[in-house]
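Each chain, letter by letter, is given below.
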Amino acid sequence: MASSSSSASSAAAAAAYPRTTLPLRRRPGLLALLFILLCFLSFQVVVHVPAARSAVSQWLFSGHRADRGTRENCPGCSKLQDVDKAEKTIAYTDQHGQIKLFKVTAREFGSSSIWENPWLPRDSQPVARTQVAARDHLLASGSETTNLSSAETLATTIVDPIKLRRQVFRRRRKERRVQELLQMDKKAELEMQNAAINSSMNFNNKVRGSYNIWRQEFRFINTDSTLRLIKDQIIMAKLYATIALSQKEPDMYALLMKCIKESQTAIGDALIDSELDSSALERAKAMGHVLSSARDVLYSSGEVSRKLRVMLQSTELNIDAVKKQNSFLVQHAAKTVPMPLHCLHMQLTTDYYFRDDVTKEHFDDDALKAKQYKEKLEDRSLYHYAIFSDNVLAASVVVRSTVTNANEPEKHVFHIVTDRLNFAAMKMWFIAHPPQLATVHVENIDNFKWLNSSYCSVLRQLESARLKEYYFKAHDPSSLSDGHENMKYRNPKYLSMLNHLRFYMPEIHPKLEKILFLDDDVVVQKDLTPLWDIDLKGMVNGAVETCKESFHRFDTYLNFSHPKISENFNPHACGWAFGMNMFDLKEWKKQNITGIYHYWQDLNEDRKLWKLGTLPPGLITFYNLTYPLNRTWHVLGLGYDPAVDIAEIDNAAVVHYNGNYKPWLDLAISKYKPYWSKYVDVDNSHVQHCYEGKQ
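Named according to an unreviewed UniProt entry, the chain is Hexosyltransferase originating from Miscanthus lutarioriparius. Per UniProt, the comment on the chain under Sequence similarities (unreviewed entry) is "Belongs to the glycosyltransferase 8 family."

Here you go:
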C-alpha cells in the first residue's frame, strides 16, 4: 500500500518536472560560461555603482583597518614592525575602469615620499613634532603667526619652518612700511607721487639690440654660401692638380685645370651669391663630380695634408705682403697732396701776387683799421682760437663751421699760423672770403724770431743727421723699405714745426689768458663759447679723454720699459686727445709747461721714450694737469673708424677726422664726408675750377 503510494508520487513529480537528457554536471563549459558572465556583471556593478565600489573597498581593507585600530590602542607597543619591512596595499582604477591592487614596502617609496609609521598615532609622528616645535619657537619669539594662518590651517597643513620664517619676515616688513606711510606728512606724500609719475613718464620700455630671425631686417638675402663653396672647390682642385702633375696623370690634371678656369670665370668679381653668373651652380655641380673622381684616383691622406700645409703657408706669406703693401700705400696716399688741393693753392698764390687791386685794397683797409684790429687780437673778453695749418681748404672749413654755429660771431677771433710756402694762399683765401663779422689773423711761422734751434729742441733734432737718416735712408734698420710697423711715424707732418707749435702758446699769444686750440681736420657743429666758462680747477689743459677699458692709456704711447718713463708715470693713466683743447695760459706760465716739454723732448732725442708725434710728449707734459671735458664736446675717429655711432656724431660739438682717411682725400669714409663737405665754399671759382675734373 505504501509502496504503491510512493511510486504514484514519483510518477507525478516526473510528469511535472521531466528529466533532461543531458544533466548540467555533464556540461562543464556551460558552467564556466555562466560563471564568467556572473563575474562580468559583478565587475560592471562595482565599476559603475559608487556604493558598490565603496562596499568592496571597505571589505578588502577591513582586516587591515581592524589590525591598525587594535594597534593604535597601544602606542607604546614594543613589537612594532620594522619600517623597512612594512608593507602597504595600493588600490587604483586604470583607464578601463578595472581595479588594480599591489603591495609596496618602505624601500620602494621615492625619496620625495614621507614615510610615517602606520602603527603610531598621527600626533606622535617625528614630522609633526618638528613642525609643532618650529611653530612654538616662532610664537615664543614674539611673531604674530596668528595673522598668517588660523590654528585649523596649522593643524592640517605641513609648513616648512624656513618658509614660515620668511612669511613672518615679509609680514613684519609690510607692517613697518604701512606705519611709515601712515606717519608720512602730506608734502612728502605729494613728492613721492610726483616722483612716481615722472618715473613712469620717463620710462623707456624699448628693448635695444633685440634679435629675432623672423624679423625682416634679419633675413639674410645677400648670402655668399654658394660663392664660398665654389672657392673651396677651387682650392681642392688646385691641390689635386698638383698631386696629379706629380703622379703623371695628365688627363686628370688637364680636366682639373679646365674646371678651375671655368669656376673662376663664373665667380668673376662677385661678392655675394646674387652677383654670381647664372651658370655658377652648374659649374659647382660639375666641379663636384670631377673632385669626386680625382679623390678616388689621387687621394692620399699624407700627401693631401702636406700639400695643404704648403698652400696655407704660401697664403699667409701673401697676406703679410699685401698687408705691408696696403699700409705703405695708405700712408703714401695720406701724406700726398691731392691734385685739386694743390691746384687751389697755386691759384690763390697767383691771385695774391698778381691781383694787386684786391690785395692793395685789403691792406689799405687793414692800415685804416690797424689799431682796432690789433686791439681785437689781444682783447681777453673775446673768444680766441688757435689753428696751425698748411691746408687752405681745411682751415677754411674750421673757420666757417665755427662762425656758422656761433651765437655771436663778431666776438670770435681766429689766429691762423701757416708756413712760408702756403702763407700767400692762406692769406688770399681769407682776403677774398672773410668770415661774417668774425676776425681772422694769418701769420707766417718764419716771422717768429724766437723760434730757433737754440731754443726749440724739436728744431734742433730735425736738423740732426740721425733723424734725416731715419727718414730718408733705405738701409736704416727701421726705414720704409723693411715694412716696419711704425711706418706711420714717417709722415711729413711730424717733421713740420707747425705740428709742435701747440707747445708754445704763451710765446705766440703773450697777451691772452685763454685760447681754444683746434686742429685743421675738425668740424664745429655747435656754439663753443660755453667752453670759456668751464672752470678747469687749476689745470692747464681741458681735453676729452679717450681711454676705454685697456685702450688709449699711457702704456699705448710710451715705452714703460725705460726707467725714466716707468718711474714717473702710471701706465694705466687715461689718455686724452689733441684736436680741441682749452688752454689756460696763466696757469701755463705758472707751471712752466714749455720748460717741461723741452726737458722731456731733449731726453727723447734717440726716440727711446716714444716714437715721433705730438700726443706722447703732450701726455707727458700735461700729466696731472689735464681737466677731463664731457665727451660730447669732442667726438673722434672719423678718420679711421667706420663704426662711430651716428647719434654721437650728430650730438657732438666738434667732430674730428683723426687718422689717415681725411675728408679732403679720396680715402675718406663716405658716410662721414658730408659733415665736412657742407662747409666747403663750393661757389668759389677756384674751387669749381680745380675740382671740376674730378666730377
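From this point, things continue past the structure.
So, about the side chain of histidine 686. Tracing the backbone through its elements, the reader meets histidine 686 in helix α28 (residues 685–691). A relative accessible area of 14% means that histidine 686 is categorised as buried. Those residues within four positions of histidine 686 in sequence are excluded, and the remaining contacts are Leu344, Gln347, Leu348 and Asp351.

Here we come to the confidence of the model for the chain. Chain-level statistics for the chain give a pLDDT mean of 77 and a share of 69% at 70 or above. Element-level pLDDT for the chain is lowest in helix α6 (residues 151–156), with a mean of 44, against a maximum mean of 97 in strand β7 (residues 522–524). Scored below 50 in pLDDT, residues 107–132 makes 30 contacts in the model with residues more than four places away or belonging to other chains.

Our next topic: the pattern of salt bridges. What the rule picks out here adds up to 14 salt bridges. Taking the shortest distance from any N to any O, the salt bridge between glutamate 408 and lysine 411 comes out at 3.4 Å. Since its relative accessible area comes to 30%, lysine 411 is described here as partly exposed. We note a salt bridge from lysine 590 to glutamate 587, for which the minimum N-O separation is 3.4 Å.

Attention now goes to the state of the cysteines. Applying the stated rule across the entire model yields 2 disulfides. Note that cysteine 343 is cross-linked by a disulfide to cysteine 690, the S-S spacing being 2.1 Å. One disulfide, between cysteine 343 and cysteine 690, carries an S-S torsion of -70 degrees and so falls in the left-handed class. Within this pair, whereas cysteine 343 is found in helix α13 (residues 339–354), its partner cysteine 690 is found in helix α28, the two being separated by 347 residues in sequence. Classification of cysteine 343 by relative accessible area gives buried; the value is 19%. In this model cysteine 547 forms its disulfide with cysteine 574; the gap between the sulfur atoms is 1.7 Å. Every disulfide takes its handedness from the sign of the S-S torsion; for cysteine 547 and cysteine 574 that torsion is -95 degrees, giving left-handed. Of the two residues, cysteine 547 is situated in the loop between β8 (541–543) and α21 (554–557) and cysteine 574 in the loop between α22 (563–568) and β9 (580–584); the sequence distance between them amounts to 27 residues. Residue classification places cysteine 547 among the buried residues on the basis of a relative accessible area of 11%.

A separate point is the packing of helix α10 (residues 250–267) against helix α11 (residues 280–298). For the pair α10 and α11, the least separation of the axes is 10 Å and the interaxial angle reads 155 degrees. Comparing their axes, α11 and α10 come out roughly antiparallel. Remark: the crossing between α10 and α11 carries left-handed chirality. Contact residues: Met252, Leu255, Leu256, Cys259, Ile260, Glu262, Ser263 and Ala266 in α10; Ala280, Arg283, Met287, Val290, Leu291, Ser293, Ala294, Val297 and Leu298 in α11.

A few words now on the packing of helix α9 (residues 225–246) against helix α12 (residues 301–335). For the pair α9 and α12, interaxial distance at closest approach is 10 Å and the crossing angle is 120 degrees. For the pair α9 and α12, the crossing hand works out as right-handed. Where α9 approaches α12, its residues Ile235, Lys238, Leu239, Tyr240, Thr242 and Ile243 are matched on the opposing element by Glu303, Val304, Lys307, Leu308 and Met311. The residue inventory of the contact of α9 with α12, partitioned by class, reads 7 nonpolar, 1 polar and 3 charged.

Next up on the list: the environment of methionine 582. Mapped onto the secondary structure, methionine 582 falls in strand β9. Since its relative accessible area comes to 1%, methionine 582 is described here as buried. In sequence terms methionine 582 and alanine 543 are 39 residues apart; their C-alpha atoms lie 6.9 Å from each other. In contact with methionine 582, not counting residues within four places along its chain, are Lys514, Ile515, Leu516, Leu531, Trp532, Leu536, Val540, Asn541 and Gly542.

Definitions and limits used
Within every chain, residues take consecutive numbers counted from 1 along the sequence as written. In keeping with the predicted nature of the model, local features appear solely for residues at pLDDT of at least 70, side-chain atom pairs appear and are counted solely at 80 or more, and the whole-chain, interface and lining totals rest on all residues. Only hydrogens and water are removed before side-chain values are computed, so all heavy atoms of the structure are retained for them. UniProt positions are given in the numbering used here, feature names are shortened, and annotations may be inferred rather than shown by experiment. Here a strand is any run of E in DSSP of at least two residues, a helix any run of H or I of at least four, and the numbering for each starts at the N terminus. A 1.4 Å probe rolled over the protein chains alone gives each residue an accessible area, and that area as a share of the maximum for its type sets the label: buried under 20%, exposed over 50%, partly exposed in between. Here, residues are in contact when the closest pair of their heavy atoms is within 4.5 Å. Scored from 0 to 100, pLDDT records how confident the predictor is in each individual residue. Throughout this description, the term salt bridge denotes a Lys or Arg side-chain nitrogen within 4 Å of a carboxyl oxygen of Asp or Glu. Cysteine sulfurs are considered disulfide-paired once they come within 2.5 Å of each other. For every element, the axis is a line fit to its C-alpha atoms; helices are fit only across the contacting stretch, and the angle between N-to-C directions ranges from 0 to 180 degrees. The cut-offs work like this: below 35 degrees is roughly parallel, past 145 is roughly antiparallel, 65 to 115 is roughly perpendicular, and the gaps in between are oblique. When the near helix sits turned anticlockwise from the far one by under a right angle, the crossing is termed left-handed; a clockwise turn instead gives a right-handed crossing. Residues are grouped as follows: Ala, Val, Leu, Ile, Met, Phe, Trp, Tyr, Cys and Pro are nonpolar; Asp, Glu, Lys and Arg are charged; every other residue, Gly included, is polar.

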